[in-house]
Amino acid sequence: MRYRKLGKTDLDVSILGFGAMRLPMVGNPGGLAGFDPKIPIDEEHADRMVRHALDEGVNYFDTAYGYHGGQSERYIGKVLRPVRTKVMIATKLPVWNIEKREDFDRVFEEQLAKLQTDYLDVYLIHSLNRPFWDKMKGLGVLEFLDRLKAEERIRAAGFSFHDEIKVFKSIIDAHDWDVCQIQYNFYDRAYQAGAEGLQYAAARNIGVVVMEPLRGGQLVHRVPARVQAQWDAAPVRRSPAEWAMRWVWNHPGVSTVLTGSSTLEQLQEHTRTVRDAAPDSLSGEELARFDQVRALYREMVKVDCTGCAYCMPCPSGVDIPHNFQLYNDYFMFPGREFCSFFYGNLMPAQERASGCVECGDCMDKCPQQIDIIRELKEVHGLFGAPPKQD
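Please read all numbers here as calculations on a predicted model, not as lab measurements.

Tell me about the side chain of Asp329, and name the residues and values.
Mapped onto the secondary structure, Asp329 falls in helix α12 (residues 320-332). Judged by its relative accessible area of 8%, Asp329 is buried. Sequence-distant contacts of Asp329, defined by excluding residues within four places in its chain, comprise Arg222 and Cys339.

Quick look at the structure:
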């Protein structure tokens, strides 16, 4: 395993971090986005993943209050309790659960109890955008974090981010942060914080944790033939996942990259890739290949949804990520007729895009800032009257 400093802290973090948002779930070994409390974590499978991560030297484990309907923190606390002093646990303050100052302490104590620990290595304000930042700052979140550090109940304080670059910079400039967590991959290099934000944080010696290096799996699952042909044309043979992870690790300012693996096989592939993941190790020819692949993807994607499910649950029962997945798959992959057939015949009626009542509950929650209401109309406009098949 390779290790890098977590910014200005004295923490040495494995460059591969274990993300606990997409753990395998019972009846669905591939995992989902991890926000359905009705489906339990497949702990037997997850245990094998954690053991493998520990054996390979992974020491950074990331979870959050809402992952797996609140069960992710409980699972991480239980499985890491025997090795607590050898690992770092990061979790997040759920901004949507905070309405008054007293909620900071209430939620924090609840998280410590679920994680079976009396301190956190990294505590992040979850999913900051401009409205959430203004609200948290007004309630005194910075003073709260400073107090936790002074009391040695957290070792590092930071935030995860989902908004545009100017908001990111304003948050960075507002406090002496230890860590920030950003979405970053070869497709999203100019999106949200992006490369500019990464450099802005690293120049201030702030640790950068990267999430969605594979864009919720979109960059590695059912890769379009034109894209795969680009990867296959390279002198060095790598899987799409290896290419994508290597691109992020190529940046010296990145401290660790979260896998978000849902299977042991996915995690094993990532731990193998670590061995060659030195900063600035990709050639100019290899970097140019990423540009070519990115251009191909940008020609095909219709809705920039990563399937994170922050927009869920929908009050009307619409399965927003699944609708967008079907919509993108229709344009990106072979088998268009199946997408139409699934929407009209296999998808429960209440989960279809047509069930949107335009309440707007999802809009502020979307990390990608998608106009969900408008895009759902587009989805139903495409799939709304699919032909019935015998």
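Resuming the write-up.
Before we move on, could you go through unusual backbone geometry and cite the residues and values that matter?
Along the chain, Met312 connects to Pro313 via a cis peptide bond; the corresponding omega equals 0 degrees. Along the polypeptide, Pro313 turns up in the loop between α11 (284-300) and α12. The phi dihedral of Ser127 is positive, around 55 degrees, even though this residue is not glycine. Within the fold, Ser127 resides in strand β6 (residues 120-128). Since its relative accessible area comes to 5%, Ser127 is described here as buried. Positive phi outside glycine occurs at Glu152, with the angle close to 60 degrees. By secondary structure assignment, the location of Glu152 is in the loop between α5 (141-150) and β7 (154-161).

Which residues make up the sheet that holds strand β10 (residues 256-258), and what are the values?
Read around the closed barrel, the eight strands follow the order β3-β4-β5-β6-β7-β8-β9-β10; overall the barrel is parallel. Pairs of neighbouring strands in the sheet enclose a mean axial angle of 25 degrees, with direction left out of account. Direction of pairing for strand β3 (residues 16-19) relative to β10: parallel, over a ladder of two bridges. Considered in β10, the bridge of Gly17 is made with Leu258.

Could you give an account of the pairing of β3, naming the residues involved and the relevant values?
Side chains Leu16 and Phe18 project from β3 onto one buried face, and the interleaved Gly17 and Gly19 project onto a second face that is buried too. Bridge count for β3 against strand β4 (residues 60-62) is two bridges, and the pairing is parallel. For Gly19, the partnering residue across the bridge sits in β4 and is Asp62.

Can you explain the pattern of salt bridges? Please cite residues and give values.
Taken as a whole, this structure holds 32 salt bridges when the rule is applied. Residues Arg130 and Asp134 are paired through a salt bridge, measuring 3.3 Å at the closest nitrogen-oxygen approach. In this pair, Arg130 and Asp134 both sit in helix α4 (residues 130-139), four residues apart, roughly one turn of the helix. Arg130 gets classed as partly exposed once you look at its relative accessible area, which sits at 32%. Among the ionic pairs, Arg226 bridges to Glu299, the shortest N-O distance being 3.2 Å. Here Arg226 is found in helix α8 (residues 225-232), whereas its partner Glu299 is found in helix α11, with 73 residues between them in sequence. Given the relative accessible area of 44%, Arg226 is considered partly exposed.

Let's hear about the nonpolar core: which residues, and what values?
Core analysis: the biggest nonpolar cluster contains 89 residues, and Phe18, Tyr123, Ile125, Phe159, Trp177 and Tyr297 have the highest contact counts within it. Ranked by residues supplied to this core, first place goes to helix α9 (residues 240-249) with seven residues. Within the second largest apolar cluster, 22 residues are counted, among which are Leu326, Phe342, Cys362 and Ile372.

Could you give an account of the packing of aromatic side chains, naming the residues involved and the relevant values?
Inspection of the entire model under this criterion finds 22 aromatic pairs. Arranged with centres 6.3 Å apart and planes meeting at 85 degrees, the rings of Phe108 and Phe144 form a pair that is edge-to-face. Taken together, the residues Phe108 in helix α3 (residues 102-115) and Phe144 in helix α5 connect sequence positions 36 residues apart. Taking 5.7 Å as the distance between ring centres and 75 degrees as the angle between the ring planes, the aromatic pair formed by Trp243 and Phe290 counts as edge-to-face. Linking Trp243 in helix α9 with Phe290 in helix α11, this pair joins segments that are 47 residues apart in sequence. Exposure remark for Phe290: the relative accessible area of 0% places this residue in the buried category. Ring pairs connect the aromatic residues Tyr184, Phe186, Trp231, Trp243, Trp247 and Phe290, which therefore count as one cluster. A cation sits over an aromatic face here: Arg238 above Trp243, 4.6 Å from the ring centre.

Criteria and cut-off values
- Residues numbered from 1 in each chain as written.
- Predicted model: local features only at pLDDT ≥ 70, side-chain atom pairs only at ≥ 80, totals over all residues.
- Heavy atoms only, no water.
- Helix = DSSP H or I, 4+ residues; strand = E, 2+ residues; numbered from the N terminus.
- Buried < 20%, exposed > 50% of the residue type's maximum accessible area, 1.4 Å probe, protein only.
- Contact = heavy atoms within 4.5 Å.
- Pairing = 2+ DSSP bridges.
- Axes fitted to C-alpha atoms, helices over the stretch in contact; angles between N-to-C directions.
- Salt bridge = Lys/Arg side-chain N within 4 Å of Asp/Glu carboxyl O.
- Core = buried A, V, L, I, M, F, W, Y, C linked by side-chain atoms within 4.5 Å.
- Phe/Tyr/Trp six-rings, centres within 6.5 Å; stacked < 30°, edge-to-face > 60°.
- Lys NZ or Arg CZ within 6 Å of the ring centre and 35° of its normal.

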